[in-house]
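Take a look at the letters that make up each chain.
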Amino acid sequence: MSSMQNYINQLIGDLRTAKKNVPPDTELEKTESYEEFDEKMLAIETAPNVSAKNLFGVSYKELPPSEKLTDKQMQQITDAIIYLWSYFNIDVDFRENMPIKLRYELAREKFSEDIHYMPGWSMTYDFCSGWCPDCKIIDYCDSWEDNWTREELEKEKLK
């Protein structure tokens, strides 16, 4: 087995055991009054963002760039990331027919961002920034057609 595959296996193990890092729910349903509920909600909403390393136990730098991986290795790591995120109530919405390299790169990129995690709440990573001209997934999405023509997109990309 190659040293890279050994590293991948260790990384997948780290991602699988990181589910122990899930913070406890905020237990909003156990609030006694509106004031207590409001206080807990404010604490959730104003909590500082946290790094992926602190939340998931793995950093962006620990996830190898796609150029160093085979498709099989990218699939293995992406599956482990999705498995981990499910414990944090994070859903993933990859577009149909999106190649594994792009899926892996999008998932890996999330580890470079600080996260406003709210225990007990669900999140969805759909990898849509809302700005079609710079979109990495535009070839796998047809939402842009609601607001743009192909010509308008091309013109905006040139700006």
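Anyway, here's the lowdown on the structure attached to this text. (Residues numbered from 1 in each chain as written. Predicted model: local features only at pLDDT ≥ 70, side-chain atom pairs only at ≥ 80, totals over all residues. Heavy atoms only, no water.)

### Some words on the nonpolar core
Of all hydrophobic cores here, the largest spans 32 residues; its most connected members are Leu15, Phe56, Leu63, Ile77, Ile81, Trp85 and Phe111. At the level of elements, helix 1 (3–17), helix 3 (52–56), helix 4 (71–87) and helix 5 (100–110) are the ones that each hand at least two residues to this core. At six residues, helix 4 tops the list of elements feeding residues into this core. Membership of the second largest hydrophobic core comes to five residues, among which are Ile138, Trp144, Trp148 and Leu153. (Core = buried A, V, L, I, M, F, W, Y, C linked by side-chain atoms within 4.5 Å. Buried < 20%, exposed > 50% of the residue type's maximum accessible area, 1.4 Å probe, protein only. Helix = DSSP H or I, 4+ residues; strand = E, 2+ residues; numbered from the N terminus.)

### Comments concerning the environment of Asp114
Inspection of the secondary structure puts Asp114 in the loop between helix 5 and strand 2 (123–125). The class for Asp114 is exposed, based on a relative accessible area of 51%. Look past the residues within four positions of Asp114 in its chain and what remains in contact with it is Asn49, Val50 and Ser51. (Contact = heavy atoms within 4.5 Å.)

### Thoughts on a negative patch on the surface
Side chains of Glu35, Asp38, Glu39 and Glu45 sit close together on the surface and give a patch of like negative charge. Tracing the chain through its elements places Asp38 in helix 2 (residues 34–46). (Patch = residues over 30% accessible without salt bridge, like charges linked within 9 Å, V, L, I, M, F, W, Y side chains within 5 Å. Areas by Shrake-Rupley, 256 points an atom, 1.4 Å probe, with all protein chains shown as cover. Salt bridge = Lys/Arg side-chain N within 4 Å of Asp/Glu carboxyl O. Lys, Arg positive; Asp, Glu negative; His and termini not counted. Charge placed at Lys NZ, Arg CZ, Asp CG, Glu CD.)

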